[in-house]
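Listed below, chain by chain, are the residues.
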Amino acid sequence: MDSRFFLLAAPVAVVAAILWRRRPKTVEASNPGNSWMIRDLAALKDRCEAAAALSKLVEEDGAGSWPPKADHNSWPTPLLPYKDIYLELAPLLPTPRPSLDSEVNDEKRARYRSLMRRLLSERINVPQVEDILATVETGNWESFPRDAYNGFYCCIAVLRHAYRWATIPVVKVAQSETVINFPAELDAPWPYLQRNFGVDADSGNNTSNVLLNFDVNGERIYKINVGLSEVIRSSEDVFFKMFYDLEVMAFPIYYDMVRAIISFEEKDKASCVRYLRHLNAMLRELLLIFYHNLNDSRVSRSVWLSHIQGFQGWGVGKTVDGEFVKYDGLSGNHVLAFQAIDSFLGMEPYLPEENLLRYIPANQRALCLMFKKCSFRPRLEEKDTQIKDEISKIAKQLRAFRAAHRTRVIPYLEQPAPERFTMTAGKSVLQGTLSEAIRFLDDMMLRRLKETM
Ligand code: HEM
């Protein structure tokens, strides 16, 4: 063949290969490829506690799938107005540039809240809502299937966040509140939903606000920056889709962890190595989602703090047993994938027990406990070199993620936001100057990086 062809074709091929690897990573929402794993896990329930825990998570919280399935339409009729109200009011929530005048902000928030209160009281019948949820609580899911229940959980959670902030970006007057009297229509369903999922907080969490906000077609239902610029809206879309995609990629990893555990227990070390190798390859794919998306061109630094993060915060509370409890909002630390892999490696949870109970659904906590309990790492012997190598590779990939996360997130947190006090969604208002607050957060991330062995 003509050598000039190679001179031209080779660089083109190299560039194409680089571009292909660098393409933005997104993942198909519906994931039919998982169904054989789900069937297999159900069959493995009696052989492995981790398989049983994963199967329970899929069946119950996931409505038969993982990431969890959410239906945002087929709800019992009395509940449908909730969704309409969120969507009707959504354009009134954000503003491109917040005022620095607290009176102006207060007025805007009061208008939003009173409109929401009015619509809720006109269209929602609280006793009917309670009847429906009380029926489910008896174990009768006939009129309210789990995927629809999931969609409803998301809707109430995001309505509560919308009422809590009543404007986007988050502003100082909203951050200064300590207690909020929610409308009865938003308070009444919440304890049922939280009991069902086994979480305590008044605020939502990554499952309620992010994972369940996608329908089976991968559409995100309750957006927060409706009507604002393309850069804000697409940054919002990319940011939240990343968390959903992570769980899509994580499911085969959970499956590999279960299989590796079973193989090890059954002394089939060759299979154990095979599953761990596959796990490492899948983990690389999962982390690519983060590496490809969390950058300025996909999630703009100039809009993230003001328009994307704030709504997911919380920072208010109530008196429980004579003590004031303040809840936090969402954080990447709620993501199941990292908690599960850490547990499989035998690490202690990142979150303290109190926060696990508040923000992490019970079935997700149970799965992590089982991965930790079944972690075979402490039982490895000198001769298990291949297994040890693969486990080290998992830890190495997690360390690389934690190092990258640490450097990538700081510029997002450093953006100027004169309309608010320093706050992260997951840690609420922070003390001290911006650089002191960032040092405090960075120390937490560094500590976890060092613990990852
Ligand atoms: C601009 C976006 C982000 C910022 C500013 C940010 C910031 C932070 C901060 C300050 C912490 C430590 C405090 C805490 O626990 O809440 C943290 C923890 C964490 N974040 Fe992020 N984060 C971002 C995006 C993400 C994404 C996209 C992921 C998922 C891939 C993620 C995963 C985690 C995890 C797993 C932790 C717990 C610590 C650990 O396991 O290493 N974060 N994040």
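Below is a summary of the structure that appears in this document. Just so it is clear, the model here is predicted, and its values are computed rather than measured. In this convention, every chain numbers its residues from 1, walking through the sequence in written order. Only residues with pLDDT of at least 70 are given local features in this predicted model, and only at 80 or more are side-chain atom pairs given and counted; all residues enter the totals for whole chains, interfaces and linings. Only hydrogens and water are set aside when side-chain values are computed; all heavy atoms of the structure are taken into account.

### A closer look at the coordination of the iron atom of the ligand
Rule in force here: Because water is not among the atoms used, a metal site may look incomplete, as its donors are only the N, O and S atoms within 2.8 Å, or 3.2 Å for Na, K and Ca. By the criteria applied, helices consist of DSSP H or I runs no shorter than four residues and strands consist of E runs no shorter than two, each listed in order from the N terminus.
When only protein atoms are considered, the iron atom of the ligand has one donor, His405 (NE2), at a distance of 2.1 Å. Relative to the helices and strands, His405 is located in helix 18 (residues 385-413).

### Observations regarding the side chain of Ser208
Note the cut-off: Pairing of N or O atoms within 3.5 Å defines a polar contact, subject to two protein rules: one partner must be a possible hydrogen donor and the other a possible acceptor, and residues neighboring in sequence count only if both atoms are side-chain atoms.
Tracing the backbone through its elements, the reader meets Ser208 in helix 11 (residues 206-210). Engagement of the side chain of Ser208 in a polar contact is seen with the side chain of Asn209, the distance being 2.7 Å.

### Focus on helix 15 (residues 336-344)
The test is simple: Type-normalised accessible area, obtained with a 1.4 Å probe on protein chains alone, sets the label of each residue: buried when under 20%, exposed when over 50%, and partly exposed for intermediate values.
Within helix 15, 9 of the 9 residues are buried, which leaves the element mostly enclosed by the surrounding structure. If you check which residues of helix 15 are buried, you get Leu336, Ala337, Phe338, Gln339, Ala340, Ile341, Asp342, Ser343 and Phe344.

### Considering the pattern of salt bridges
Note the cut-off: By salt bridge we mean one thing: a side-chain nitrogen of Lys or Arg within 4 Å of a carboxyl oxygen of Asp or Glu.
Counting across every chain of the model gives 30 salt bridges. What you see here is one network of salt bridges that share partners, running through Arg109, Arg113, Arg164 and Glu177.

### Some points on the site of the ligand
Let me state the cut-off plainly: Think of it this way: one heavy atom of a residue within 4 Å of a molecule or strand is enough to make that residue near it. Residue polarity is assigned by list, with Asp, Glu, Lys and Arg as charged and Ala, Val, Leu, Ile, Met, Phe, Trp, Tyr, Cys and Pro as nonpolar; anything else, Gly included, falls into the polar class.
For the ligand, the set of nearby residues contains 22 residues, the closest of which are Ser331, Asn333, Tyr350, Arg402 and His405. At a separation of 2.9 Å, a nitrogen atom of the ligand approaches a polar side-chain atom of His405. Secondary structure elements with two or more residues in the shell around the ligand: helix 12 (230-265), helix 18 and helix 19 (434-451). With 6 residues, the top contributor of residues to the shell around the ligand is helix 18. When its residues are assigned to classes, the shell around the ligand shows 15 nonpolar, 4 polar and 3 charged.

### Remarks on unusual backbone geometry
Negative phi values dominate among residues other than glycine, just as trans dominates among peptide bonds. Cis geometry marks the peptide bond from Trp66 to Pro67, where omega comes out at 5°. By the secondary structure assignment, Pro67 is in the loop between helix 3 (49-59) and helix 4 (80-89). Residue Ile168 is joined to Pro169 through a cis peptide bond whose omega torsion reads -5°. For Pro169, the position within the fold is in the loop between helix 7 (146-165) and helix 8 (172-175). Positive phi values are uncommon outside glycine, yet Ala63 reaches one of about 55°. The topology assignment puts Ala63 in the loop between helix 3 and helix 4. A positive phi angle, near 60°, is found at Ser428, a position not held by glycine.

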